[in-house]
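Spelled out, the chains give:
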Amino acid sequence: MNGAHDMGGMHGLGPIAPEADAPVFHHSWEARVHAMTMASPTRSNIDAGRHQRELIPGPEYLRMSYYEKWLTGLSTLLLEHGLVTPDELARGQADAGSARATPLLAAAAVPGALSRAGSYERETTAEPGFRPGDRVRALNINPTGHTRLPRYVRGRTGVVERCHGVHVFPDSNAHGRGEAAQPLYLVRFEARELWGPDASAIDTIRLDLWESYLAPA
């Protein structure tokens, strides 16, 4: 989607100022939002969760903090999946007569779940369409749904540095159309290819891009 969330290469958003010794959470409610998201049945599709946050209107998205976006996206997904009612969500409390579901993540399982690395890599015998050293062009696409192809790289030419194997394709998975796994590549782009002669002559940017985003250059 061409929304406010895709900020790469945009001007006017101010400098990036990393916070020294930043805490994991600045407020206790942020920790609760993180915990609710991790324990929610909707967590099984991380791409759908990302897309839901992309649907937040631009002015609201830019105003919200990081975990406000998480909470807004989670609330919408819980409603859409029928896991809560609007009244329950407004009150922050389950109806007395509502069915009790088995928790997806028990308290004792939390440490292991958070320390265990997940993977979206899939096994396949299919051969990748590109090899390290190949010159490729990122397609100039403007989908209305979820995509991991940034605007600033569309139509630009780069060089494949590595194939990461075959991974779940988020553009399909986010919309319930299946994993549609395909090769994922590390592609290097020169800064001047992306932003013209005013960019640094020595800077490069590397992006992980799925095969269907790319064409031979």
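Predicted, not measured: the structure shown is a model, and the values here were computed from it. (Residues numbered from 1 in each chain as written. Predicted model: local features only at pLDDT ≥ 70, side-chain atom pairs only at ≥ 80, totals over all residues. Heavy atoms only, no water.)

In terms of burial, helix α2 (residues 46-54) is largely enclosed, as seven of its nine residues are buried. Taken together, the buried positions of α2 are occupied by Asp47, Ala48, Gly49, His51, Gln52, Arg53 and Glu54. Looking at the packing, one finds that the buried side of α2 touches α3 (58-63), α4 (66-80) and α7 (170-173). Here α2 starts with a cap whose side-chain oxygen sits 3.2 Å from the backbone nitrogen of Asp47, and that cap is Asn45. (Buried < 20%, exposed > 50% of the residue type's maximum accessible area, 1.4 Å probe, protein only. Helix = DSSP H or I, 4+ residues; strand = E, 2+ residues; numbered from the N terminus. Contact = heavy atoms within 4.5 Å. Polar contact = N/O pair within 3.5 Å; in protein donor to acceptor, adjacent residues only side chain to side chain.)

Looking now at a nonpolar patch on the surface. Together, Met7, Met10, Leu13 and Leu62 give the surface a local cluster of nonpolar side chains, amounting to about 360 Å² of exposed area. Relative to the helices and strands, Leu13 is located in the segment before α1 (28-39). Leu13 gets classed as partly exposed once you look at its relative accessible area, which sits at 46%. (Patch = residues over 30% accessible without salt bridge, like charges linked within 9 Å, V, L, I, M, F, W, Y side chains within 5 Å. Areas by Shrake-Rupley, 256 points an atom, 1.4 Å probe, with all protein chains shown as cover. Salt bridge = Lys/Arg side-chain N within 4 Å of Asp/Glu carboxyl O.)

This part takes up the nonpolar core. Membership of the largest hydrophobic core comes to 18 residues, with the highest contact counts inside it found for Val153, Val187, Phe189, Leu209, Tyr213 and Leu214. Considering every element that reaches this core, the biggest residue donor is strand β4 (residues 182-190), with four residues. (Core = buried A, V, L, I, M, F, W, Y, C linked by side-chain atoms within 4.5 Å.)

Let us now look at the packing of aromatic side chains. Tallying each qualifying case throughout the model produces nine aromatic pairs. A ring pair is formed by Tyr66 and Tyr67, whose centres lie 5.0 Å apart and whose planes are at 85°; its orientation type is edge-to-face. Aromatic side chains Tyr66 and Trp70 sit 5.6 Å apart centroid to centroid with 45° between the ring planes, which places their arrangement in the tilted category. Taken as a pair, Tyr66 and Trp70 lie in helix α4 at a separation of four residues, close to a single helical turn. An aromatic cluster is present here, built from Phe25, Tyr66, Tyr67 and Trp70 joined pairwise through their rings. Positioned above the aromatic ring of Tyr61 is the side chain of Lys69, whose terminal nitrogen or guanidinium carbon lies 3.9 Å from the ring centre. Above the ring of Tyr120, the side-chain terminus of Arg122 is found at 5.9 Å from the ring centroid. (Phe/Tyr/Trp six-rings, centres within 6.5 Å; stacked < 30°, edge-to-face > 60°. Lys NZ or Arg CZ within 6 Å of the ring centre and 35° of its normal.)

A separate point is the environment of Arg154. By secondary structure assignment, the location of Arg154 is in the loop between β2 (135-138) and β3 (157-167). Among the residues examined, Arg154 registers a relative accessible area of 8% and is labelled buried. Arg154 sits 59 residues away from Tyr213 along the chain, and the two C-alpha atoms are 8.8 Å apart. Once residues within four sequence positions are removed from consideration, Arg154 is found in contact with Asn2, Asp6, Ala138, Leu139, Asn140, Ile141, Asn142, Thr147 and Leu149. Here the side chain of Arg154 touches Asn2 through a polar contact of 2.8 Å, side chain to side chain.

Worth remembering: the numbers are spatial, not functional.
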